[in-house]
2 protein chains.
Amino acid sequence: MKVLHTADWHMGKKLHGYDLLPDQAYILDQILKIAKEEIVEAIVIAGDLYDRSVPSEASVRLLNQTIADWNLTQQFPLLAISGNHDSATRLATGTPWFNQAQFHLHTRLKEAFTPVEMGNSQFYLLPYFEPVDARIYFEDSELRTIQQAMPKVIEKIQESFDPDKKHILVSHFFVAGSSKTDSETKIEVGGLDGINGKLLECFDYVALGHLHGKDALKMANARYSGSPLKYSLSEKDQTKGVWIVDTDTMDFSFRTLTPLHEIQELQASFAELLDPAFYTTINREDYLSILLEDRAVIPNLMNQLRQVYPRIIQVERANGFETAVEKRLKKENIKEKSPVNLTKDFFTEVSQNELTAKQKKWIEEGLHTILKKGGEE
Amino acid sequence: MKVLHTADWHMGKKLHGYDLLPDQAYILDQILKIAKEEIVEAIVIAGDLYDRSVPSEASVRLLNQTIADWNLTQQFPLLAISGNHDSATRLATGTPWFNQAQFHLHTRLKEAFTPVEMGNSQFYLLPYFEPVDARIYFEDSELRTIQQAMPKVIEKIQESFDPDKKHILVSHFFVAGSSKTDSETKIEVGGLDGINGKLLECFDYVALGHLHGKDALKMANARYSGSPLKYSLSEKDQTKGVWIVDTDTMDFSFRTLTPLHEIQELQASFAELLDPAFYTTINREDYLSILLEDRAVIPNLMNQLRQVYPRIIQVERANGFETAVEKRLKKENIKEKSPVNLTKDFFTEVSQNELTAKQKKWIEEGLHTILKKGGEE
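Since the structure is predicted, the reported quantities are computational estimates derived from the model, not experimental observations.

Thresholds, definitions, all that
Residues numbered from 1 in each chain as written. Chains lettered and ligands numbered in written order. Predicted model: local features only at pLDDT ≥ 70, side-chain atom pairs only at ≥ 80, totals over all residues. Heavy atoms only, no water. Least-squares fit on C-alpha atoms with pLDDT ≥ 70 in both. Contact = heavy atoms within 4.5 Å. Buried area = accessible area lost by both parts, 1.4 Å probe. Salt bridge = Lys/Arg side-chain N within 4 Å of Asp/Glu carboxyl O. Polar contact = N/O pair within 3.5 Å; in protein donor to acceptor, adjacent residues only side chain to side chain. Helix = DSSP H or I, 4+ residues; strand = E, 2+ residues; numbered from the N terminus. pLDDT = per-residue confidence, 0-100. Core = buried A, V, L, I, M, F, W, Y, C linked by side-chain atoms within 4.5 Å. Buried < 20%, exposed > 50% of the residue type's maximum accessible area, 1.4 Å probe, protein only. Pairing = 2+ DSSP bridges. Axes fitted to C-alpha atoms, helices over the stretch in contact; angles between N-to-C directions. Phe/Tyr/Trp six-rings, centres within 6.5 Å; stacked < 30°, edge-to-face > 60°. Lys NZ or Arg CZ within 6 Å of the ring centre and 35° of its normal. Parallel < 35°, antiparallel > 145°, perpendicular 65-115°, else oblique. Left-handed = near helix turned anticlockwise from the far one by under 90°. Expected span 1.5 Å × (residues − 1). Arc of directions from axis to C-beta.

1. Side note on the relation of the copies chain A and chain B
One copy of the chain maps onto the second through a rotation about an axis and a displacement along it.
Here's step 1: Superposing chain A onto chain B requires a rotation of 179 degrees together with a translation of 0.1 Å along the rotation axis, leaving an RMSD of 0.6 Å. Look at the turn and shift together and you get a two-fold axis relating the two. Nearest to the rotation axis, the C-alpha of A:Gly94 is located 2.3 Å from it, this being the minimum over chain A.
Here's step 2: The fraction of interface residues of chain A whose copies in chain B are also interface residues reaches 100%, indicating that both copies meet through the same surface.

Take a look at the structure:
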């Protein structure tokens, strides 16, 4: 049977303040299209359906619509788990009714031990869990980390292995030796270095969620699908998509996704950026990280840039910041300047105006008071 | 067929800071017990399942467990709507899968117009809605209030009336002329005076939610079930329970519920309240509103009372507050006293001690500085 493996949707995530829901709706449509083209018999979603434990109403609406469409209208069996970003309790809403429609959403550790049998395979849906869940389930107060718990979990899972079937694990953890990006949770639960990959060797395929790059892990039988969208600038060079796994041959192939808006890094001068000859050659609708070549202070910079580029996620200086003040200060001895004169210079530099007589008087009085107080106390 | 009508569960509600979830779990068990005893064929829940649009995880867990138990394990058909306290979007999670199991939870206006047919009845599940929902549904920009929208809603509902069936409306609104208590939302949407009861005359029974007293409305064919628990002190004299409606005879009877902890008003002196001869005669575990007969200041009052009474929701003075200071001030001319002497008197009254020489000195110095500064600026 053919299975589509995706994960880390992070519904409701914002990218530097930009609402990604339209991008997410767009990419989910593409995933559905691929599922139809490939005629997969199940869709696996390996955790982090939501970005937050309390998602916005708009995120709830989009996820509910998507899942109902895929499962009830398009009739795809769904195999899903909660990830570390999801509230297992909230995500569990409705799950007792879902199974009848071949929608299996596991949110509790104990649910991992009853495989979902489908086609030639047994699917073990192991949600993200905390060490405390393992302590309670195994009645073993020594289980303090996920690393300690995982061998027991895998052992327990193997008890129900049917030797005539393929064994697929769906899980949401950091596997030791994988490479991370900025948008994944940095504090690993249980600390330490993640799950030992050796533990996963008993499975025919491990459909992982948590890390956002499809190449984060080098193992023959285990894969991160990665997120369907680039969720941080550090992911800009990753290829995003889904895995298509054939559980008969255990071949897998990667189908790439094309986002509504790419993340792009631009390096140019301010003048170039505002020049139609420049900006008509690039996709201005992309999420842009701009490396500005200018070194001067540019008043009202962001507003001017945003009139041309609606999705700027950051602006950095390619050559650092050097203003006329800095240049002059290199020559002048800053220590010899009075606070009043430094303030005057700063004002002139930023505002491009000289201080009026009144402004000069206020600054002199203000600085006098401050410096006098400082000396007194 | 026999139907149980309840509403206004307000899962997660707090009563003066006390978490009511244990009380709610307890009362829901009783409702289930009544449903079994009466062998009802459906349970109607007329809105406000949750107290807040974003309920706590504990509230979500309890509601999910309750509903799954009633519907899937106990096999009761459920007919429910969202109320003004619920987030219709969040509450809708899972609903497309529920219908197969005879669990009908309507959260959108348009869902009201497709009756759920069960036994001899057509159930119209009309969730709480805002005027904007009616404007969009009827494509009529003139609909500015619920009062304007409701005639169109009822007219539309009547279009699908089967004359051979009974017609039951489940709804969550304020019906004009009903009487309110403190725990209901005070601002009525659309302003004005609620829905005209005449509009409801075309139904055989109207199962209402929103108001918390079962006797809030005097109509032959329409009832508020009221909340299953007392959710404010103003509800202390209400009888809480559920309606059992027979849709063949259109008889209805009220089955009362007994809470885990009652709300009680106590009037006594402080000495009595702490006297075992007094407190062993009453249920100290109740939620208590205490009318204290003492007029004196009692240091550490609440902590002392809470050692005997764990659930105090308020303490008021039965005879007002009159301390020895007040009495003396009536005789003395307060205007003639110096601030220093007033402060000394206050200290003595509250602490039952005289000021030490050092304390006197501090107060004199402190007051001197304050009064001097006040004069200078």
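2. Points about the interface of chain A and chain B
The figure often quoted for interface size is the accessible area lost as the parts come together.
Here's step 1: The partner chain B presents 23 residues to the 23 residues of chain A that form the contact.
Here's step 2: In total, about 1900 Å² of surface goes out of reach between chain A and chain B, with carbon and sulfur atoms giving 61% of it.
Here's step 3: Of all residues in chain A, the largest losses of buried area upon contact with chain B belong to A:Thr89, A:Arg90 and A:Trp97, amounting jointly to 37% of the total for that side.
Here's step 4: On the surface where chain A and chain B come into contact, there are zero salt bridges.
Here's step 5: One can count 10 residue pairs in polar contact (both at pLDDT 80 or more) joining chain A with chain B.
Here's step 6: Listed by contribution, the elements that provide at least two residues to the side of chain A that touches chain B are helix 2 (57-73), helix 3 (88-91) and helix 4 (95-98) of chain A.
Here's step 7: When residues in the side of chain A that touches chain B are grouped by element, the largest group, eight residues, is from helix 2 of chain A.

3. Considerations on the pattern of salt bridges
Here's step 1: The full count for this structure, using the stated rule, is 32 salt bridges over all chains.
Here's step 2: One network of salt bridges, in which partners are shared, links A:Lys2, A:Lys33, A:Glu37, A:Glu38 and A:Arg255.

4. Quick word on the confidence of the model for chain A
Here's step 1: Per-chain confidence: chain A averages 90 in pLDDT, with 90% of residues scoring 70 or above.
Here's step 2: Confidence drops under a pLDDT of 50 for residues 185-192 of chain A, and excluding neighbours within four residues, the segment shows 16 contacts in the predicted structure.

5. Here we look at the nonpolar core
Here's step 1: Grouped together as the largest cluster of nonpolar side chains are 114 residues, with contacts concentrated most on A:Tyr309 and B:Tyr309.
Here's step 2: Residues in contact with A:Tyr309, not counting those within four places in the same chain, are A:Leu266, A:Leu273, A:Phe278, A:Tyr279, A:Ile282, A:Arg284 and A:Leu288.

6. Regarding the sheet that holds strand 4 (residues 42-46) of chain B
Residue and element names in this part refer to chain B.
Here's step 1: Read from one edge to the other, the open sheet built from six strands follows the order 6-5-4-1-12-13, with strand pairing classed as mixed. Strands with a single pairing partner mark the edges of an open sheet, and in this sheet they are strand 6 (103-106) and strand 13 (251-256). With strand direction ignored, the average angle separating the axes of adjacent strands in the sheet is 20 degrees.
Here's step 2: Bridge count between strand 12 (residues 241-246) and strand 13: six bridges; the pairing is antiparallel.

7. Quick notes on the pairing of strand 6 of chain B
Residues and elements named next belong to chain B.
Here's step 1: Of the two faces of strand 6, the one carrying Phe-103 and Leu-105 and the one carrying His-104 and His-106 are both buried.
Here's step 2: As defined by bridge partners, strand 5 (residues 78-81) adjoins strand 6 across four bridges and the pair is classed as parallel. Considered in strand 6, the bridge of Ile-81 is made with His-106.

8. Some thoughts on the side chain of A:Thr66
Here's step 1: Structurally, the position occupied by A:Thr66 is in helix 2.
Here's step 2: Given a relative accessible area of 8%, A:Thr66 falls into the buried group.

9. Remarks on the sheet that holds strand 11 (residues 222-224) of chain B
Residue and element names in this part refer to chain B.
Here's step 1: Taken together, the five strands give an open sheet; going across it, the order is 7-8-9-10-11, and neighbouring strands pair in mixed fashion. With one partner strand each, in any of the chains shown, strand 7 (116-118) and strand 11 form the two edges of the open sheet. Strand-to-strand twist of the sheet, defined as the mean angle between neighbouring strand axes without regard to direction, takes the value 20 degrees.
Here's step 2: Across three bridges, the pairing between strand 10 (residues 205-209) and strand 11 is parallel. Pairing of Leu-208 across the sheet is with Tyr-224, part of strand 11.

10. Digging into unusual backbone geometry
Here's step 1: Even without glycine at this site, B:Asp8 takes up a positive phi of about 50 degrees.
Here's step 2: Note on placement: B:Asp8 falls in the loop between strand 1 (2-6) and strand 2 (14-15).

11. A closer look at the packing of aromatic side chains
Here's step 1: In this structure the tally under the stated criterion is 32 aromatic pairs over all chains.
Here's step 2: Aromatic side chains B:Phe161 and B:Phe203 sit 5.7 Å apart centroid to centroid with 70 degrees between the ring planes, which places their arrangement in the edge-to-face category. Here B:Phe161, found in the loop between helix 6 (146-158) and strand 9 (166-172), pairs with B:Phe203, found in the loop between strand 9 and strand 10; they are 42 residues apart in sequence, far enough to count as distant.
Here's step 3: Here the aromatic cluster, defined as three or more aromatic residues joined through ring pairs, consists of A:Tyr205, A:Trp243, A:Phe252 and A:Phe254.
Here's step 4: Over the face of the ring belonging to B:Tyr287 we find B:Arg311, whose NZ or CZ atom lies 5.9 Å from the ring centre.

12. Things to note about the packing of helix 5 (residues 131-138) of chain A against helix 6 (residues 146-158) of chain A
Residues and elements named next belong to chain A.
Here's step 1: Here helix 5 crosses helix 6 at 45 degrees, and the two axes come no closer than 9 Å. Considering their axes alone, helix 5 and helix 6 lie oblique with respect to each other. Judged by the twist between their axes, the crossing of helix 5 over helix 6 is left-handed. Seen from helix 5, the contacting residues are Pro-131, Ala-134, Tyr-137 and Phe-138; seen from helix 6, they are Ile-146, Ala-149, Lys-152, Val-153 and Lys-156.

13. As for the side chain of A:His10
All names here are of chain A.
Here's step 1: Its location among the elements puts His-10 in the loop between strand 1 (2-6) and strand 2 (14-15).
Here's step 2: By relative accessible area, His-10 is classed as buried at 1%.
Here's step 3: In this structure His-10 touches Gln-24, Asp-48, Leu-49, Tyr-50, Asp-51, His-85, His-212 and Tyr-231, once residues within four positions along its chain are discounted.

14. A closer look at helix 11 (residues 339-351) of chain A
Residue and element names in this part refer to chain A.
Here's step 1: With 13 residues, helix 11 extends 18 Å between its outermost C-alpha atoms, agreeing within 8% with the 18 Å of an ideal straight helix rising 1.5 Å per residue.
Here's step 2: Within helix 11, burial applies to Val-340, Asp-345 and Glu-349. Across the axial projection of helix 11, the buried residues extend over an arc of 165 degrees, all falling on one side.

15. With respect to the environment of A:Glu365
Here's step 1: Here A:Glu365 shows up in helix 12 (residues 357-376).
Here's step 2: C-alpha separation for the pair A:Glu365 and A:Gly213, spaced 152 residues apart in sequence, amounts to 59 Å.

16. Some remarks on helix 9 (residues 301-308) of chain A
Residue and element names in this part refer to chain A.
Here's step 1: All of the buried residues along helix 9 are Leu-301, Leu-305 and Val-308. Projection of helix 9 onto a plane perpendicular to its axis shows the buried side chains occupying an angular sector of 50 degrees, all on one side.
Here's step 2: Elements in contact with the buried residues of helix 9: helix 7 (270-273), helix 8 (276-279), strand 15 (287-292) and strand 16 (312-317).

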